[in-house]
Amino acid sequence: METSWSSSDTQSSLNACFLAKRNFQVDLYEAREDIRVAKSAHGRSINLALSYRGRQALKAIGLEDQIVSQGVPLRGRMIHSLSGKKSALPYGTKYQYILSISRENLNKSLLNAVEKYPNVKAHFGHRLLKCNPEEGVITVLGADKVPKDVTCNLIVGCDGAYSTVRNHLMKKPRFDYSQHYIPHGYMELTISPKNGDVSSFPFHCPPPQDCRSVILCNDKSFTCTLFMPFEEFEKLLTSNDVLDFFQKYFPDFIPLIGKQTLVRDFFLLPPQTMISVKCSAFHFKSHCVLMGDAAHAIVPFFGQGMNAGFEDCLVFDELMDKFNNNLSMCLPEFSRVRIPDAHAISDLSIYNYMEVTFSRVRYHEAVLHWHWQKKVIKRGLFVFGSLTAIGTTYLLVHYGMGHISLQTPWSH
């Protein structure tokens, strides 16, 4: 059986490994050049958060130990108040942690793993022009600028939040689709190591106005992501605007990054959008299936985007075992099983429900648990209306909300 797909980031390489293990002939089409030989890396540099679900998928293809050895364990976040006080907030128990993984290194490792399978052929610099799932045909455009039709038994669309494969499925009857841009954007900043180290603990620093700087450690440097409403980004037009803003809300950040670097990086690229995508179904007959962001792009506040995409591969592989590689049975079951979880993680990413990070509890079950917790919390606040703000905060944290929202002018 021959399988082809258009790809995006790490998802396609992982899928290729899973299907190659089943002795499929796999053709991987990637729009970008090979990151391993590119003179400069393009695209997002933000580090990826690898947790249990993603590790289980990597373990299934024998890559967990290699990838984990490249990561930096993150056991919690540090809350920096404007007064200079620091308070540690662990992600889980003392034995639980997530891993900060370099997106570039993960891509390279997975591509190296793909090349070890003789039944996989990677085609870089090939853009997907058309997808005809009824006929099992995709049309790609390579360096020669001549459109080429490729016929296969299965098209796996791993081509991201703006998926071309999904756009073709959207023309089919009874295919549901929705997308939502949140009013916040994000911007990446980098703290370089000083004297071989960085003095600050990885931290999450919420100022009163609900913008956030999430800092993940990677090889003695920090990848920093500033989340903030677009309307606030638009107010920062000059170098002085930027410095005044950070001095007001992130005063301990400036000496770590340096004024010149901060201003340079801030104006290097515009803030990026964040989109949430839901669709149903994830497949078309036995010919085409969507995975990862193509099926369920989510906002990053729960840190499960990559992990959910990797778990797609693992769930699909488990179903292929169950149905003995019968695609006509596997694909509908993949949609049936995975859609509730994909829609749930989209909601969970907003509420940052910490409990799911360290298990493979199904996402939609976690949402049911979350709804139950909300009822308990509301009932508790109604009955014990005299609870103080401190008591309320304890209740939210104790019940696993993992995120405290402040009522501020920027809240929405």
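In this report, the structure presented in the accompanying data block is examined. (Residues numbered from 1 in each chain as written. Predicted model: local features only at pLDDT ≥ 70, side-chain atom pairs only at ≥ 80, totals over all residues. Heavy atoms only, no water.)

Side note on the overall build of the protein chain
Of regular secondary structure, the protein chain possesses 14 helices and 19 strands. Here the protein chain, with 412 residues, has 52% of them falling under the buried criterion. Put simply, of all contacts in the protein chain between residues at least 6 apart along the chain, 69% involve residues at least 24 apart. (Helix = DSSP H or I, 4+ residues; strand = E, 2+ residues; numbered from the N terminus. Buried < 20%, exposed > 50% of the residue type's maximum accessible area, 1.4 Å probe, protein only. Contact = heavy atoms within 4.5 Å.)

Topic: the pattern of salt bridges
The tally for this structure, following the rule as stated, stands at 16 salt bridges. The residue Glu30 makes a salt bridge to Arg32 at a minimum N-O spacing of 3.3 Å. Relative accessible area serves as the criterion here: at 39%, Arg32 is assigned to the partly exposed category. Measuring nitrogen to oxygen at the nearest pair gives 3.2 Å for the salt bridge that ties Arg53 to Glu311. Taken together, the residues Arg53 in helix α2 (residues 52-60) and Glu311 in helix α11 (residues 305-322) connect sequence positions 258 residues apart. The class for Arg53 is buried, based on a relative accessible area of 1%. The exposure class of Glu311 is buried, given its relative accessible area of 3%. What you see here is one network of salt bridges that share partners, running through Arg53, Glu311, Asp312, Arg338 and Asp341. (Salt bridge = Lys/Arg side-chain N within 4 Å of Asp/Glu carboxyl O.)

Overview of the sheet that holds strand β9 (residues 127-132)
Read from one edge of the open sheet, three strands run β9-β10-β11, paired in antiparallel fashion. One side of each edge strand has no neighbouring strand; the edge strands of this open sheet are β9 and β11 (147-151). Strand-to-strand twist across the sheet, computed as the mean angle between neighbouring axes with direction ignored, equals 25°. One ladder, built from five bridges, connects β9 with strand β10 (residues 137-141); its direction is antiparallel. Each bridged residue has a counterpart across the sheet, and for Lys130 the counterpart in β10 is Thr139. (Pairing = 2+ DSSP bridges. Axes fitted to C-alpha atoms, helices over the stretch in contact; angles between N-to-C directions.)

As for helix α7 (residues 239-249)
Three or more residues of α7 are buried, namely Val242, Leu243, Phe245, Phe246 and Tyr249. Down the axis of α7, the smallest arc covering the buried residues is 160°, so these residues share one side. Away from its buried face, by an angle of more than 90 degrees, α7 presents the exposed residues Asn240, Asp244 and Lys248. Along its buried surface, α7 packs onto β14 (184-191), β16 (221-229), α8 (254-257) and α9 (259-266). (Arc of directions from axis to C-beta.)

Examining the nonpolar core
By size, the foremost hydrophobic cluster in this structure holds 64 residues, and its most contacted members are Leu14 and Phe316. In terms of residue count, the dominant contributor to this core is α11 (eight residues). Filtering out sequence-adjacent residues up to four positions away, Phe316 remains in contact with Leu19, Leu154, Met291, Leu327, Cys330, Leu331 and Phe334. Grouped together as the second largest cluster of nonpolar side chains are 22 residues, Leu189, Cys224, Met228 and Phe245 included. (Core = buried A, V, L, I, M, F, W, Y, C linked by side-chain atoms within 4.5 Å.)

Quick look at α11
A rise of 1.5 Å per residue sets the reference length of α11, with its 18 residues, at 26 Å; its end C-alpha atoms lie 26 Å apart and thus fit the reference within 8%. The buried fraction of α11 is high, at 14 of 18 residues. Asn324, located one to two residues past α11, shows a positive phi value of around 55°. (Expected span 1.5 Å × (residues − 1).)

Brief notes about the packing of α2 against α11
As a packed pair, α2 and α11 sit with axes 8 Å apart at the nearest point and diverge in direction by 40°. With respect to their mutual orientation, α2 and α11 come out oblique. The chirality of how α2 crosses α11 is left-handed. Seen from α2, the contacting residues are Arg53, Gly54, Gln56, Ala57, Leu58 and Ala60; seen from α11, they are Asn307, Phe310, Glu311 and Leu314. (Parallel < 35°, antiparallel > 145°, perpendicular 65-115°, else oblique. Left-handed = near helix turned anticlockwise from the far one by under 90°.)

Digging into unusual backbone geometry
Note that the residue after Ser280, namely Ala281, is joined by a cis bond; omega there is 10°. Tracing the backbone through its elements, the reader meets Ala281 in the loop between β17 (275-280) and β18 (283-284). Even without being a glycine, Lys145 presents a positive backbone phi close to 65°. Relative to the elements of secondary structure, Lys145 occurs in the loop between β10 and β11. For Lys145, a relative accessible area of 61% gives the class exposed. One non-glycine residue, Arg174, lies in positive phi territory at about 70°. Structurally, the position occupied by Arg174 is in the loop between α5 (164-169) and β13 (176-181). For Arg174, a relative accessible area of 82% puts it in the exposed group.

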